[in-house]
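Each chain is listed here by its residues.
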Amino acid sequence: FVPSIGISRIIEINNNFSNKWKDNYFITSLRKRSLYRVEFDNNFTKVKTIEKIYVGKRIRDISYSKDKRFFFLALEDKESNLGILYKK
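**Q** What exactly am I supposed to notice about the environment of Tyr 25 here?
**A** Checked against the element boundaries, Tyr 25 lands in strand β2 (residues 24–29). Taking the relative accessible area as the measure of exposure, Tyr 25 reaches 17% and is therefore buried. For Tyr 25 and Ile 13, which are 12 residues apart along the polypeptide, the C-alpha to C-alpha distance reads 5.1 Å. Those residues in contact with Tyr 25 that lie beyond four places of it in its chain are Ile 10, Ile 11, Glu 12, Ile 13, Tyr 36, Arg 37, Val 38, Phe 40 and Phe 44.

See the structure below:
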């Protein structure tokens, strides 16, 4: 990313989370206060898709709960918060 978005973490999206997002990754951003969903080609040499999901807070960390099928976001600004991303 040019200019830098302030990447804090890259995590593979669990294939059980969404059929549409199989083999995709989340990239969290401190500077842009967004979550990016990224799909690469089979060789990981080219980006096929980038989707910016604006969160509005700096995303410090992300983790996935397999049993709950939720992503947990560690958010920060003036105070710390927890965000939850789930499929309806």
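**Q** Hey, could you run me through the sheet that holds strand β4 (residues 47–54) in this one?
**A** In any sheet, the strands associate via hydrogen bonds between backbone groups, in a parallel or an antiparallel arrangement. Pairing is antiparallel in the open sheet, where four strands are placed in the order β1-β2-β3-β4. Two strands bound the open sheet, and with one partner strand each, they are β1 (7–12) and β4. Recorded for the sheet is a direction-independent mean angle of 20 degrees between the axes of neighbouring strands. Pairing analysis gives five bridges linking β1 to β2, with the strands arranged antiparallel. Each bridged residue has a counterpart across the sheet, and for Ile 10 the counterpart in β2 is Ile 27.

**Q** Mind showing me how you'd approach unusual backbone geometry here?
**A** Residues apart from glycine generally show negative phi values, whereas peptide bonds are mostly found in trans. The residue after Val 2, namely Pro 3, is reached through a cis peptide bond having omega 0 degrees. Note that Pro 3 resides in the segment before β1. In this structure, Arg 33 is a non-glycine residue whose phi angle is positive, near 55 degrees. Topologically, Arg 33 is positioned in the loop between β2 and β3 (34–40). For Arg 69, which is not glycine, the phi dihedral falls at a positive 60 degrees. You can see Arg 69 is positioned in the loop between β5 (58–65) and β6 (70–76). Owing to a relative accessible area of 41%, Arg 69 belongs among the partly exposed residues under this scheme.

**Q** Looking at this structure, how should I read the pairing of strand β7 (residues 80–86)?
**A** In regular strands, side chains alternate between the two faces of the sheet. Across seven bridges, the pairing between β6 and β7 is antiparallel. Each residue of the ladder has a partner; that of Phe 70, found in β7, is Tyr 86.

**Q** Is there a simple way to think about the sheet that holds β6 in this case?
**A** With antiparallel pairing, the three strands of this open sheet are ordered in space as β5-β6-β7. The open sheet has two edge strands, β5 and β7, and neither has a second partner. Neighbour to neighbour, the strand axes of the sheet diverge by 25 degrees on average, direction disregarded. In terms of strand pairing, β5 meets β6 through seven bridges, oriented antiparallel. Note on β6: the bridge partner recorded for Tyr 64 is Phe 71.

The rules behind the values
Residues numbered from 1 in each chain as written. Predicted model: local features only at pLDDT ≥ 70, side-chain atom pairs only at ≥ 80, totals over all residues. Heavy atoms only, no water. Helix = DSSP H or I, 4+ residues; strand = E, 2+ residues; numbered from the N terminus. Buried < 20%, exposed > 50% of the residue type's maximum accessible area, 1.4 Å probe, protein only. Contact = heavy atoms within 4.5 Å. Pairing = 2+ DSSP bridges. Axes fitted to C-alpha atoms, helices over the stretch in contact; angles between N-to-C directions.

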